[in-house]
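Now for the letters of each chain:
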Amino acid sequence: MNVVFAVKQYISKMIEDSGPGMKVLLMDKETENVDSLIQELRRPKYSVYFIYFSNVISKSDVKSLAEADEQEVVAEVQEFYGDYIAVNPHLFSLNILGCCQGRNWDPAQLSRTTQGLTALLLSLKKCPVIRYQLSSEAAKTLAECVKQVISKEYELFEFRRTEVPPLLLILDRCDDAITPLLNQWTYQAMVHELLGINNNRIDLSRVPGISKDLREVVLSAENDEFYANNMHLNFAEIGSNIKNLMEDFQKKKPKEQQKLESIADMKAFVENYPQFKKMSGTVSKHVTVVGELSRLVSERNLLEVSEVEQELACQNDHSSALQNVKRLLQNPKVTEFDAARLVMLYALHYERHSSNSLPGLLVDLRNKGVSEKYRKLVSAVVEYGGKRVRGSDLFSPKDAVAITKQFLKGLKGVENVYTQHQPFLHETLDQLIKGKLKESLYPYVGLSTLRDRPQDIIVFVIGGTTYEEALTVYNLNRSTPGVRIVLGGTTVHNTKSFLEEVLASGLHSRSKESSQAMSRSASRR
């Protein structure tokens, strides 16, 4: 299963089927709609039209187009099911931010998500058994909507049957609000967290001293070999790999010897040798991106911040965590965004701890000058993904096997303190692959069930997924022979967009009273 390949096949078929000669592609912001097409066909600018819809089109819409085509310029109308964004081969997005109102779907976004998810299934030629997260009403609703479309359009879903049917698992972001709050240290995830990736584009216009040709760059594994080879590696390895590329160039050009001991050295090298820049625009792009990441890490003290984030996400030492959070809140290099993020992580983890010190931390945020917007978001995040909402326990292993694993991990130590966290999705998929995912927590839609362990798995996260979760899926695909997993979500989050998702849900207004109560309690201390 490869979503990039599926979409590329559609594009290739469009180009080939529309014959030889020059072609013009007509579209609006998302995709050409029926009303616009009708206007175009009534006064056609071109002699022939091949019309491709990215999803199922109704018979009534086809009739409307036929009636508008009085000059008979339409040669072909087809459905190509590419109604989603193929991000990586195993990752797709619908680019929807703010899909729910409270705990329930925004009706328009439910319709759009159902369309996008069914298009994904059709493009991969999968008619799946469906499971959903029981603790989420939104997951149940989407599962039922997808099932209804499959039943209604059963002829489209009549693919060759496999011995083990594919599985669609629908999850809710509310079940793991920790993952999208963490700083990231693998290349793709880190770029999205600190710079933002929008349809494979990175805005570098605010980078100090940036040249005109690098104000916006494209990071795509499809046409950037260095990115394809390094997107899942950690930050330290990226800098080392760029250095190796430059040193290889120097070996070929003995006159251009220069010490490359830091990111600054690499940037200077690129600027001083136009020949290298011309030969390897890709490398100069990555030197610029890595240089900016390095600057932000230093400026925002992110190594120290991230270490405490990982402690909040992975350890259970309340006293140490509280002490470290309070220490960082006093550090002037820690931004209000990162300070609020640390308090959010503390609030989620130690929400019901007997020594919970959240009111005092809110006072510390106010004293630091953190805006009211971020202080209010602390309680909003707990309302969105706190213990009362979750169908799982993110922090405490429930059985003896899990406790033993955690103990052994603690004895062995963690190879990289900044990447010790694993998303809750990892545990969910591990249980699913082993055939141990509890039906009482993740029921099936209808009467369909799987007797055998699934092989083709499509996971969809309402409220958005993350690049850390995409990395988990990438690693599981590599380490589990016979299992193929594709991950998707209403969007792909970094911390900023996740907090926008929380705000868009409207839950922050419900948590206003609890936020005011916290502030009153804090002011009395």
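Please read all numbers here as calculations on a predicted model, not as lab measurements.

Student: Explanation requested: the confidence of the model for the chain in the structure shown.
Tutor: A low pLDDT score tells you not to read the predicted coordinates there in detail. Confidence along the chain averages 85 in pLDDT terms, with 85% of residues attaining 70 or more. Counted against residues more than four places away or in other chains, residues 398–414, with its pLDDT under 50, gives nine contacts. Of the regions scoring below 50 in pLDDT, residues 517–525 engages in nine contacts with residues more than four places distant in sequence or in other chains.

Student: Sorry if this is basic, but what is going on with the pattern of salt bridges here?
Tutor: Oppositely charged side chains can form a pair if their charged atoms are brought close together. Scanning all chains against the criterion turns up 20 salt bridges. Among the ionic pairs, Arg-173 bridges to Glu-469, the shortest N-O distance being 2.8 Å. In this pair, Arg-173 sits in the loop between strand 8 (167–172) and helix 6 (187–194) while Glu-469 sits in helix 19 (residues 467–479), placing the two residues 296 residues apart along the sequence. Neither Arg-173 nor Glu-469 differs from the other in exposure class; each is buried. Residues Lys-326 and Asp-364 are paired through a salt bridge, measuring 2.8 Å at the closest nitrogen-oxygen approach. Of this pair, Lys-326 sits in helix 13 (residues 318–329) while Asp-364 sits in helix 15 (residues 358–368), placing them 38 residues apart in sequence. By relative accessible area, Lys-326 is classed as partly exposed at 34%. Salt bridges sharing partners connect three or more residues here, namely Glu-193, Arg-300, Glu-309, Asp-338 and Arg-341.

Student: I keep staring at the sheet that holds strand 13 (residues 484–489) and nothing clicks. Help me out?
Tutor: Spatial ordering of the open sheet is given by 3-4-13-11-8-7, a layout of six strands whose pairing is mixed. For this open sheet the edge positions go to strand 3 (85–88) and strand 7 (129–132), each flanked by a neighbour on one side alone. Put simply, the sheet's adjacent strands are angled 25 degrees from each other on average, direction ignored. Running at roughly 150 degrees to strand 11 (residues 456–462), helix 18 (residues 424–433) makes contact with strand 7, strand 8, strand 11 and strand 13 of the sheet.

Each value, and the rule that gives it
- Residues numbered from 1 in each chain as written.
- Predicted model: local features only at pLDDT ≥ 70, side-chain atom pairs only at ≥ 80, totals over all residues.
- Heavy atoms only, no water.
- pLDDT = per-residue confidence, 0-100.
- Contact = heavy atoms within 4.5 Å.
- Salt bridge = Lys/Arg side-chain N within 4 Å of Asp/Glu carboxyl O.
- Helix = DSSP H or I, 4+ residues; strand = E, 2+ residues; numbered from the N terminus.
- Buried < 20%, exposed > 50% of the residue type's maximum accessible area, 1.4 Å probe, protein only.
- Pairing = 2+ DSSP bridges.
- Axes fitted to C-alpha atoms, helices over the stretch in contact; angles between N-to-C directions.

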